[in-house]
Amino acid sequence: RNDVKGRLCEDFCVLQHSNRICVITLAEAHPLLQNGKTIKSINYQISANCSRLQNKVSGKSKRGAQFLTELAPLCRISSSDGEKYTIYSCIRGRLIEVNENILNNPAILQEKPSTEGYIAVVLPKFEESKNITQGLLTQEEYEEVLLKRLNSSS
C-alpha cells in the first residue's frame, strides 16, 4: 500500500502467502528506511485500553485475536530526529502476532524489513482474502509508483 492515509511515501508492504496469511512490513521507500534514520522507540500500545502486545491467540480458529480494519494502527515508531510514524494494518483481518523482537533490537526493522524485521502477521477472512490481494500493488506496479514519484520530484 502506498501513501497510506494520504501521507506521502509512508508505504507499507503486505506479503501474502498462498495460505492467506499476511506479513506486514515497511516498504522499501518508507522514510524510516531512508537517509540513515535511526529508530529510537517502537510502541505497540495504541491507546490506554489497547495494546497489540496483549493479543492472545489460541486454537485453529485463532480465538482471542484482535480484529483489525485497514486503517487500524499496529504500532508507533519514533526516530531519533523526532519524527513519529504510525504503522497501519493495511488489511482487514485477525492479528495473529506482532514481532516482539523489534522491541529489543529495532535495527532489524531497517536491516531486514521483509524478513526478521516484519511488524505483524495478520490473517484475513477466507472470503475477503481475494479482495485484499486485488487492492494491493504488485512489486512491478509499486516500482512504477516509485518511478513516477522520482520523475515528479525532479
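This is a predicted model, so every value here is computed, not measured.

## Observations regarding the layout of surface pockets
Consideration 1: Volume-wise, the largest pocket comes out at about 370 Å³.
Consideration 2: Taken together, 19 residues make up the lining of the largest pocket; nearest its centre are Cys13, Val14, Leu15, Leu137 and Gln139.
Consideration 3: At the level of elements, strand E1 (12-16), strand E2 (22-26) and helix H4 (139-153) are the ones that each hand at least two residues to the lining of the largest pocket.
Consideration 4: When residues of the lining of the largest pocket are assigned to their parent elements, the largest contribution, five residues, is made by E1.
Consideration 5: Across the lining of the largest pocket, the residue classes break down as 11 nonpolar, six polar and two charged.

## Concerning the sheet that holds strand E7 (residues 73-79)
Consideration 1: Across the sheet, three strands lie side by side as E3-E7-E8; this open sheet has antiparallel pairing. Because the sheet does not close on itself, it has two edges, and the strands there are strand E3 (39-43) and strand E8 (84-88). In this sheet, adjacent strand axes meet at a mean angle of 20° when their direction is disregarded.
Consideration 2: Summarising the sheet, E7 and E8 pair through five bridges and their orientation is antiparallel. Bridge pairing in E8 places isoleucine 77 opposite tyrosine 85.

## Quick notes on the state of the cysteines
Consideration 1: This model, assessed by the stated rule, comprises zero disulfides.
Consideration 2: Cysteine cysteine 13 remains unbridged, with the sulfur of cysteine 90 as its closest cysteine sulfur at 9.4 Å.
Consideration 3: Between cysteine 50, a cysteine without a disulfide, and cysteine 75, which holds the nearest cysteine sulfur, the sulfur-to-sulfur distance is 12 Å.

## Observations regarding unusual backbone geometry
Consideration 1: Not every positive phi belongs to a glycine, and arginine 20 is a case in point at roughly 85°.
Consideration 2: When you line up the elements, arginine 20 lands in the loop between E1 and E2.
Consideration 3: Even without glycine at this site, cysteine 90 takes up a positive phi of about 75°.
Consideration 4: Checked against the element boundaries, cysteine 90 lands in the loop between E8 and strand E9 (93-98).

## As for the side chain of asparagine 55
Consideration 1: When you line up the elements, asparagine 55 lands in the loop between strand E5 (50-51) and strand E6 (67-68).
Consideration 2: In terms of polar contacts, asparagine 55 uses its side chain to reach the backbone carbonyl oxygen of leucine 95, at 2.6 Å.
Consideration 3: Ignoring any residue separated from it by four or fewer positions in sequence, one finds asparagine 55 in contact with Gly64, Ala65, Gln66, Leu95, Ile96 and Glu97.

## Here we look at the confidence of the model for the protein
Consideration 1: With 94% of its residues at a pLDDT of 70 or more, the protein has an overall mean of 86.
Consideration 2: Model confidence for the protein, summarised as mean pLDDT per element, is weakest for helix H3 (residues 129-134) at 77 and strongest for strand E10 (residues 120-123) at 94.

Rules of the game
Residues numbered from 1 in each chain as written. Predicted model: local features only at pLDDT ≥ 70, side-chain atom pairs only at ≥ 80, totals over all residues. Heavy atoms only, no water. 1 Å grid on protein atoms, 1.4 Å probe; cavity = no way out; pocket = protein on both sides within 12 Å on 5 of 7 lines; lining within 4 Å. Points joined across faces, edges and corners; volume = space filled by probe spheres on them. Helix = DSSP H or I, 4+ residues; strand = E, 2+ residues; numbered from the N terminus. Nonpolar A, V, L, I, M, F, W, Y, C, P; charged D, E, K, R; others polar. Pairing = 2+ DSSP bridges. Axes fitted to C-alpha atoms, helices over the stretch in contact; angles between N-to-C directions. Disulfide = S-S within 2.5 Å. Polar contact = N/O pair within 3.5 Å; in protein donor to acceptor, adjacent residues only side chain to side chain. Contact = heavy atoms within 4.5 Å. pLDDT = per-residue confidence, 0-100.

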